[in-house]
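Residue-level structural notes
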Amino acid sequence: MTNLRIGHGYDVHRLVDERKLVLGGVEIPWEKGLLGHSDADVLVHAVMDALTGASRLGDIGKLFPDTDPAYAGISSLKLLAEVGRLLEENGFVVVNIDATLLAQAPKVGPYKQQMAENMAAALNIRPEQVNVKATTEEGLGFTGDGSGMAAHAVALLEIME
């Protein structure tokens, strides 16, 4: 029997005026930000759902409900650190994470390494275990027309016995 588990995460948020844009724990200068109960970090949310999926801990809606005022405006990196604690408590070790941001703009290339480092630090793993990519959707759909952003993530966990 294998001791590896894989999980996939997906998240989406609407872009709105008068909100900060936080992606991978990095505040990016931009004319709009993502709407959500927390800081709405769509990239970290997808990563958390990939991790909770692989570990069968549920999802971020179950762990951190948007009806709970304790999570209003909270940094998603703090929530990711809690997911990391739960993984460790349940005998899981992160092997690697691969995350993709879908956004027409802004360009996030200069921030990808910091995003990976932020998420790795929250999980107490090496930055080399986290890969961040970004792509446009060639002007198609809600990400292409600039009304929102989405992210996918895949996580591989090992069960420690």
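The paragraphs below set out a description of the structure included in this document. (Residues numbered from 1 in each chain as written. Predicted model: local features only at pLDDT ≥ 70, side-chain atom pairs only at ≥ 80, totals over all residues. Heavy atoms only, no water.)

What about the overall build of the protein?
Applied cut-off: Helix numbers and strand numbers start at the N terminus; a helix is a DSSP run of H or I with at least 4 residues, a strand a run of E with at least 2. The size measure is the radius of gyration over C-alpha atoms, and the globule rule it meets is 2.2 Å times the number of residues to the 0.38 power. The cut-offs for exposure are 20% and 50% of the maximum accessible area for each residue type, with area from a 1.4 Å probe on protein chains only; residues under the lower value are buried, those over the upper are exposed, and the others partly exposed. Residue contacts follow a heavy-atom distance rule, with two residues in contact if any of their heavy atoms lie within 4.5 Å.
Scanning the protein from terminus to terminus reveals five helices and seven strands. Written out in order from the N terminus, the α and β elements of the protein read β-β-β-β-α-α-α-β-α-β-α-β. Against the globule reference of 15 Å for 161 residues, the protein gives a C-alpha radius of gyration of 15 Å, in line with a compact fold. The C-alpha extent of the protein, read off along each of the three principal axes, is 50 × 35 × 25 Å. The buried share of the protein, taken over its 161 residues, is 46%. In the protein, the proportion of contacts linking residues at least 24 apart, taken out of those at least 6 apart, comes to 72%.

Some details on the packing of helix H3 (residues 76-89) against helix H4 (residues 112-123)
Worth spelling out the cut-off: For helices, the axis comes from a line fit to the C-alpha atoms of the stretch in contact; other axes are also lines fit to C-alpha atoms, and the angle between any two N-to-C directions lies between 0 and 180 degrees. Any angle that falls under 35 degrees is termed roughly parallel, while one over 145 is termed roughly antiparallel, one within 65 to 115 roughly perpendicular, and all others oblique. Crossing handedness is defined as follows: a turn of the near helix away from the far one that is anticlockwise and smaller than a right angle gives a left-handed crossing, while the clockwise case is right-handed. Amino acids are sorted into nonpolar (Ala, Val, Leu, Ile, Met, Phe, Trp, Tyr, Cys and Pro), charged (Asp, Glu, Lys and Arg) and polar (every other residue, Gly among them).
Two elements in contact, H3 and H4, have axes separated by 7 Å at closest approach and are oriented at 45 degrees. With respect to H4, the axis of H3 lies oblique. Crossing geometry of H3 relative to H4 is assigned as right-handed. Of the residues in H4, those in contact with Leu77, Leu80, Ala81 and Gly84 of H3 are Asn118, Met119, Ala122 and Leu123. Of the residues assigned to the contact of H3 with H4, the class counts are six nonpolar, two polar and no charged.

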